[in-house]
Amino acid sequence: MSKNKSINLNSAKIISIRKKLDTDINKYWKIIRAENIMTKKAIKNNQGSGFDLKSLYNEITQMAKKRIIIKGLLMSLNNGIKTFNYEEFKKTNNYDIFAAGEAKEAIAQLKMIPTINPSEKAAKGKKNMYKVEAFTSAKISSLIKEQQLKANKFDANLKKFNDNTEIECTNDIADKFTNFIAV
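If you're wondering where the values come from, they're calculated on a predicted model, not measured in any experiment.

Whenever I open this one, the environment of Ile-140 confuses me. Can you help?
Residue placement: Ile-140 occurs in helix 7 (residues 137-164). Contacts of Ile-140, omitting those with residues within four sequence positions, involve Leu-110, Ile-113, Thr-115 and Phe-135.

For this particular structure, what's the right way to read the pattern of salt bridges?
Side chains that differ in sign of charge can pair as their charged atoms come close. Under the criterion given, the structure shown has 12 salt bridges. The salt bridge involving Lys-104 is made with Asp-155; its shortest N-O contact spans 3.0 Å. Of the two residues, Lys-104 sits in helix 5 (residues 93-111) while Asp-155 sits in helix 7, which places them 51 residues apart along the sequence. The class for Asp-155 is partly exposed, based on a relative accessible area of 29%. Here Lys-124 makes a salt bridge to Glu-120, at a shortest N to O gap of 3.6 Å. One end of the pair, Lys-124, and the other, Glu-120, are both in helix 6 (residues 118-124), four residues apart, so they sit about a helical turn from each other. Using a relative accessible area of 39% as the deciding quantity, one classes Lys-124 as partly exposed. When salt bridges that share partners are traced, they join Arg-18, Asp-22, Arg-67, Lys-71, Glu-102 and Glu-105 into one network.

Procedures and definitions
- Residues numbered from 1 in each chain as written.
- Predicted model: local features only at pLDDT ≥ 70, side-chain atom pairs only at ≥ 80, totals over all residues.
- Heavy atoms only, no water.
- Helix = DSSP H or I, 4+ residues; strand = E, 2+ residues; numbered from the N terminus.
- Contact = heavy atoms within 4.5 Å.
- Salt bridge = Lys/Arg side-chain N within 4 Å of Asp/Glu carboxyl O.
- Buried < 20%, exposed > 50% of the residue type's maximum accessible area, 1.4 Å probe, protein only.

In structure tokens form, the structure reads like this:
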């Protein structure tokens, strides 16, 4: 029988976790950008961080998912909600906002990763290149497409929410905005 675990986090701790995630994600993106193309000599001389860049990318995607949760925790706490239900949070427009933001950030970061010109690689042949890359331009394009599809899904959910969700305004508020609404 599994016992449910719980922890209590205050705003300061949540913000601290978010900052740690921000720092690590940014650091890992910088490593990927700096080390995607390396000379064979540099690799032989153990230059660079020594990280497997593809594992680092997977770590970034896992941390991005955690950052969505952290943003949801902080938002909930700021709205006076004292118990966080992740499954319920995933059904909200706020989840879509945070998830779309993470996907779009990944797209922007992926676009900054340098790659070897495919024409140069084709002309010289992969074995005759003096440099190597972890992520090819084709792989980066594939990752961008994957992230774009996620962003599109979350953006569509947001559009549906924005178009179909209403809030009732009482007289004192309604009077302030009636002249802004086309009848």
